[in-house]
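Observations on the three-dimensional arrangement
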Amino acid sequence: MVILLHNPMLKKFFKTYSISVLVFGVLLAPAVLVFANHTKGAYPSVGHLWMSGQKGYSGLIYTTSNNCNSSELNAYTRVKNSTTGTSEMSRWANGIDMRRYTCTGTWNNYTDIYLQYLSHPSSPGDNHDTVNSSSFCSFWGVSHPCGVRSTDHFDTAWWNNASSLSRERLIMHETGHAFGLAEHCTSDAIMNNGLSTCNGGKWTAIMQYMPTDRTGINNVYP
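Residues numbered from 1 in each chain as written. Predicted model: local features only at pLDDT ≥ 70, side-chain atom pairs only at ≥ 80, totals over all residues. Heavy atoms only, no water.

Some thoughts on the environment of Tyr101
Mapped onto the elements of the fold, Tyr101 is located in strand 6 (residues 97–102). Classification of Tyr101 by relative accessible area gives partly exposed; the value is 36%. Distance in space between the C-alpha atoms of Tyr101 and Tyr62 is 5.4 Å, their sequence separation being 39 residues. If we ignore the near neighbours within four places in the chain, the residues touching Tyr101 are Tyr62, Thr63, Asn108, Tyr110 and Thr111. (Helix = DSSP H or I, 4+ residues; strand = E, 2+ residues; numbered from the N terminus. Buried < 20%, exposed > 50% of the residue type's maximum accessible area, 1.4 Å probe, protein only. Contact = heavy atoms within 4.5 Å.)

Re unusual backbone geometry
With an omega of 5°, the peptide bond running from His144 to Pro145 counts as cis. As for its position among the elements, Pro145 is in the loop between helix 4 (134–139) and strand 9 (148–155). Phi is positive for Asn199, close to 55°, though the residue is something other than glycine. With respect to the element layout, Asn199 can be found in the loop between helix 6 (164–178) and helix 7 (211–220).

Focus: the confidence of the model for the protein chain
Reading fine detail from the predicted coordinates is not recommended where pLDDT is low. Confidence in the prediction of the protein chain, expressed as mean pLDDT, is 83, and 83% of residues score 70 or more. Between residues 1–36, whose pLDDT stays under 50, and residues either more than four places distant or in other chains, the model counts 64 contacts. (pLDDT = per-residue confidence, 0-100.)

Some points on the packing of aromatic side chains
Applying the stated criterion across every chain, the model contains 13 aromatic pairs. Between the aromatic rings of Tyr62 and Tyr101, the centroid separation amounts to 4.7 Å while the plane-to-plane angle is 50°, which identifies the pairing as tilted. One end of the pair, Tyr62, is in strand 5 (residues 60–65); the other, Tyr101, is in strand 6, and 39 residues separate them in sequence. Judged by its relative accessible area of 17%, Tyr62 is buried. Here the aromatic rings of Tyr117 and Trp159 are separated by 4.9 Å at their centres, their planes lie at 70°, and the arrangement is edge-to-face. A residue pair is termed long-range when its members are at least 10 positions apart, and Tyr117 in strand 7 (residues 113–118) and Trp159 in helix 5 (residues 156–161) qualify at 42 residues. Summarising the burial analysis for this pair, Tyr117 and Trp159 share the class buried. Taken together, the ring pairs in this structure connect Tyr57, Tyr62, Tyr101, Tyr110, Phe139 and Trp140 into an aromatic cluster. Across from the ring centre of Trp203, 5.3 Å away, lies the NZ or CZ of Arg169, which sits over that ring. (Phe/Tyr/Trp six-rings, centres within 6.5 Å; stacked < 30°, edge-to-face > 60°. Lys NZ or Arg CZ within 6 Å of the ring centre and 35° of its normal.)

A word on the sheet that holds strand 8 (residues 125–131)
Taken together, the 5 strands give an open sheet; going across it, the order is 6-5-7-9-8, and neighbouring strands pair in mixed fashion. In this open sheet, the two edge strands, each paired with only one partner strand, are strand 6 and strand 8. Shown here is a sheet whose adjacent strand axes are inclined to one another by a mean of 25°, direction ignored. When strand 8 meets strand 9, the two strands line up antiparallel, connected through 7 bridges. Within the sheet, the bridge partner assigned to His128 lies in strand 9 and is Thr151. Where helix 3 (residues 70–81) meets the sheet, its contacts fall on strand 5, strand 6 and strand 7, and the angle it forms with strand 6 comes to roughly 150°. Contacting strand 6, strand 7, strand 8 and strand 9, helix 6 crosses the sheet at an angle of about 155° to strand 9. (Pairing = 2+ DSSP bridges. Axes fitted to C-alpha atoms, helices over the stretch in contact; angles between N-to-C directions.)

Pasting the structure below:
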């Protein structure tokens, strides 16, 4: 178990999603949180896909990045392929269509998610939601509140040493949080937290949104 903590990805998930006790240098077994609901919030606390409909392009999500790279585009393709034409995503006929809008790493009224690469030694990646401003809501002709936009942080030290598949998987996982998903440990999901005690550690082998991921997204929105 101590060996697992040397892996920065698993260390992040121990820190964030489990409760462990260290006594005299001995790591006691963690109590892993299991999410039956699989959704971390609902509109207006989470509103990316809802707002995309208000913008006239339902399911289309624009991103900005301060380090545009092929892993982002590959992850977007995986998201679209695994959400298009599925029963769980019936309200979004074209699935979740993530597209790069700018490589400036700056917000405008069209961007929904900011992928930010920076020194972030506490974890390989995390997600932070910011409530949309009243001026943003006014721009789109809707009343405030009108959902949130998310910044996904990725640690450059981890990123530079990670495989392309690990990078893509982490992007899919963190943007999954941006769509309103919590960690999920009771079945195969991109939102598994990576621990061996969470669904047998299958997160490291999952490269698409699974039915439980899609159901969770569908449950977030009215």
